[in-house]
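# Structure at a glance
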Amino acid sequence: MAGGGINADNISFFETMTETNISTTWPPVSNSSTNLTELESSQMDSDPYVDLMTDVSKYLWIVLSPILFVVGVTGNLLTIGVLKKIKFHKKPPYFFLFVLALSDILVLCVGLSRYWIRETFLVDVRTLSNFGCKVNLFFIYWSMQFSSWILVCVVLERCIKTNFPLRYPRLVTMPRCIMLVLFLTVFLSGVDLHYFWTNGLISEDSEIDCTSLTVGYFNFEEFIFTYVDFCVLSAIPFLLMIGMNMFIIRVIRRSREFRKSTVRNKSTNKKLKKFDVKLTRMLVSTSVYFLLATLPISIYFIVDSYQTDLDNRDSAKMDVLWTVSYLVQFSNYTINFFLYNLTNKRFRAKFIEMIKCESAVKKRKSSQNESVYSVQTAETSLGTETSFGTETSRVSEEMSSGE
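What counts and what doesn't
- Residues numbered from 1 in each chain as written.
- Predicted model: local features only at pLDDT ≥ 70, side-chain atom pairs only at ≥ 80, totals over all residues.
- Heavy atoms only, no water.
- Helix = DSSP H or I, 4+ residues; strand = E, 2+ residues; numbered from the N terminus.
- Buried < 20%, exposed > 50% of the residue type's maximum accessible area, 1.4 Å probe, protein only.
- Contact = heavy atoms within 4.5 Å.
- Areas by Shrake-Rupley, 256 points an atom, 1.4 Å probe, with all protein chains shown as cover.
- Core = buried A, V, L, I, M, F, W, Y, C linked by side-chain atoms within 4.5 Å.
- Polar contact = N/O pair within 3.5 Å; in protein donor to acceptor, adjacent residues only side chain to side chain.
- Phe/Tyr/Trp six-rings, centres within 6.5 Å; stacked < 30°, edge-to-face > 60°.
- Salt bridge = Lys/Arg side-chain N within 4 Å of Asp/Glu carboxyl O.
- Patch = residues over 30% accessible without salt bridge, like charges linked within 9 Å, V, L, I, M, F, W, Y side chains within 5 Å.
- Pairing = 2+ DSSP bridges.
- Axes fitted to C-alpha atoms, helices over the stretch in contact; angles between N-to-C directions.
- Left-handed = near helix turned anticlockwise from the far one by under 90°.
- Nonpolar A, V, L, I, M, F, W, Y, C, P; charged D, E, K, R; others polar.
- pLDDT = per-residue confidence, 0-100.
- Expected span 1.5 Å × (residues − 1).
- Disulfide = S-S within 2.5 Å.

Each helix and strand in the protein chain was counted, giving 15 helices and 2 strands. For the protein chain, the residues scored as buried account for 46% of the 403 residues in total. Restricting the contact set of the protein chain to residue pairs at least 6 apart, pairs at least 24 apart contribute 82%. A total of about 20,600 Å² of accessible surface is found on the protein chain, and carbon and sulfur atoms cover 64% of it.

Take a look at the structure:
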């Protein structure tokens, strides 16, 4: 499983014990000298190929994890800063993007940081306490799934506004958006709540592992919940997003055909067509990258559930595949802010404008009136922009701005 689960090699261990004699006592008694001797002995008999694959996996975590973490947290914090400026609590699309940024930060802090600490300092925060094991497992699954469904909410809001512009103010309100987020929170908590009683710390030969507590729980997580997680995390959100994006693109194309018959200015039509292409590219690229980032790790866990009797080399290869797949998935929670900037020129321009306005405010601290005026100017200009926008009303803004 994605952060829990046990390897198939450990099944024989579970078959020799019952649930009542499983030890979850912490901490266990260990002999560091004995462990060191065993480590030195194993290194003498090690396979160079296995060592190479192990090092590749290790250093991928050590090198790439802090980069993804710093870039991701910084980008999401910048997103939150922009959304606070434009009063996200009053506008549904900004509210969803704000929640998405928070959930992405949670994924990086709970999941990515754990693997970096484990590979760099040889300390697994998940095994520090039995309660910590359960909490970490729950939040890593919940936060990833929650981010996927908040992204679905972002696309849903755009789809409603594009296809039903007149009914949009009545259908999409802030109270309804808040209720939807609360519903997703409770529903996904129910999906992942089983980790609080199916997993815990197990001690075997002075080794501590946060894993399934019984054979039955192991079978459930390996052969049932992997499919549940695949559907909830990746498959269903992607199908919903790609379907709604198709509806959005259809409206854009109809609008373009309508403009051809009503707008005679060739230059204006050319600019509007360019805008349509860029907007379509942004919608499709966001959905496709979501699939590319979440699908590999989901498929890996399903395949890994049926892998048995692997030799050391095959196990080392699988570990590298797991590392690459997981890092790619974490990148999905890292690049959202930058993806919007790269595919949306207006969003990028407004963000730069906000940064410049904040710098101007700091330089004019001596004059309180001028500072207040500068902040209000930034808020007013930013309040007209939609960071993940697809509504056809932006066409007029594109025409006036000359983009």
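Residues Leu 83, Phe 95, Phe 96, Phe 146, Ile 150 and Val 181 are the most contacted members of the largest nonpolar core, which totals 39 residues. Ranked by residues supplied to this core, first place goes to helix α5 (residues 130–163) with 12 residues. Here Phe 95 is in contact with Phe 88, Met 174, Cys 177, Ile 178 and Val 181, once residues within four sequence places are set aside. Grouped together as the second largest cluster of nonpolar side chains are 29 residues, Leu 68, Ile 208, Phe 301 and Phe 330 included.

Turning next to the side chain of Ser 143. Take Ser 143: it is sitting in helix α5. Polar contacts involving the side chain of Ser 143 include one to the main-chain carbonyl oxygen of Ile 140, which spans 3.3 Å. If sequence neighbours within four positions are ignored, Ser 143 has contacts with Ser 103, Leu 106 and Val 107.

Our next topic: the packing of aromatic side chains. One pass over the full model with this rule turns up 25 aromatic pairs. Aromatic side chains Trp 61 and Tyr 115 sit 4.7 Å apart centroid to centroid with 20 degrees between the ring planes, which places their arrangement in the stacked category. Taken together, the residues span a long stretch of sequence, with Trp 61 in helix α3 (residues 48–85) and Tyr 115 in helix α4 (residues 92–121) at a distance of 54 residues. The class of Trp 61 is buried, set by a relative accessible area of 0%. For Tyr 115, a relative accessible area of 2% puts it in the buried group. Ring centres 5.2 Å apart and planes at 45 degrees place the aromatic pair Phe 138 and Phe 196 in the tilted group. Residue Phe 138 is found in helix α5, and its partner Phe 196 is found in helix α8 (residues 195–198); the two are separated by 58 residues along the sequence. Of the residues examined, Phe 196 reaches a relative accessible area of 28% and is grouped as partly exposed. In textbook terms, an aromatic cluster arises when at least three aromatic residues are bridged by ring pairs, as seen for Trp 61, Tyr 115, Tyr 300, Phe 301, Trp 322, Tyr 326 and Phe 330.

Moving on: the environment of Ala 101. Within the secondary structure, Ala 101 sits in helix α4. The exposure class of Ala 101 is buried, given its relative accessible area of 2%. Spatially, the C-alpha atoms of Ala 101 and Val 73 are 8.8 Å apart, while their sequence positions differ by 28 residues. If near-sequence neighbours (up to four positions away) are discounted, Ala 101 is found in contact with Asn 76, Thr 79 and Ile 80.

Per the stated rule, a full pass over the model turns up 4 salt bridges. As a salt-bridge pair, Arg 118 and Glu 119 come within 3.4 Å of each other at their nearest N and O atoms. Assessed through its relative accessible area of 22%, Arg 118 is described here as partly exposed. Residue Glu 119 is classed as buried on the basis of its relative accessible area of 18%.

This brings us to a nonpolar patch on the surface. Taken together, the side chains of Tyr 59, Val 63, Leu 64, Ile 67, Val 71 and Phe 338 present a nonpolar region at the surface, about 500 Å² in accessible area. Among the elements that take part in the nonpolar patch, α3 stands out by supplying 5 residues, more than any other. Among the secondary structure elements, Leu 64 is positioned in helix α3. With a relative accessible area of 34%, Leu 64 lands in the partly exposed category.

To continue, consider the pairing of strand β1 (residues 199–204). Within a regular strand, the side chains alternate between the two sheet faces. Strand direction decides the pairing type here: β1 and strand β2 (residues 207–212), joined by 6 bridges, are antiparallel. Across the sheet, residue Gly 200 finds its bridge partner in β2, namely Thr 211.

Across the interface, α5 lies against helix α7 (residues 174–192) with an axial gap of 10 Å and an inter-helix angle of 145 degrees. Considering only the axes of α5 and α7, their crossing is right-handed. Contact with α5, carried on its side by Phe 138, Tyr 141, Trp 142, Gln 145, Phe 146, Trp 149, Ile 150 and Cys 153, involves Leu 180, Val 181, Leu 184, Thr 185, Leu 188, Ser 189, Val 191 and Asp 192 of α7 and no other residues of that element. Grouping the constituent residues of the contact of α5 with α7 by class yields 12 nonpolar, 3 polar and 1 charged.

On to the confidence of the model for the protein chain. Of all residues in the protein chain, 69% attain a pLDDT of 70 or more, and the chain-wide mean is 77. Per-element confidence in the protein chain ranges from a low mean pLDDT of 38 for helix α15 (residues 394–401) to a high of 97 for α7. pLDDT under 50 marks residues 4–41. Its contacts with residues more than four places away, or in other chains, come to 51 contacts. A low-confidence stretch, residues 369–403 (pLDDT under 50), is modelled with 81 contacts involving residues beyond four sequence positions or located in other chains.

Glancing now at α5. Over its 34 residues, α5 extends 50 Å from the first C-alpha to the last, a length consistent with the 50 Å expected when each residue adds 1.5 Å. With 27 of its 34 residues buried, α5 lies for the most part within the structure.

Simply put, the disulfide is a covalent bond whose two ends are the sulfur atoms of two cysteines. Counted under the stated rule, the structure contains 1 disulfide. Covalently, Cys 133 is tied to Cys 210 through a disulfide, its sulfur atoms 1.8 Å apart. Residues Cys 133 and Cys 210 are joined by a disulfide whose S-S torsion is about 75 degrees; by sign, that bridge is right-handed. Taken together, the residues Cys 133 in helix α5 and Cys 210 in strand β2 connect sequence positions 77 residues apart. Considered together, Cys 133 and Cys 210 belong to a single accessibility category, that of buried residues. With no disulfide of its own, Cys 153 lies closest to Cys 177 among cysteine sulfurs, the gap being 8.0 Å.

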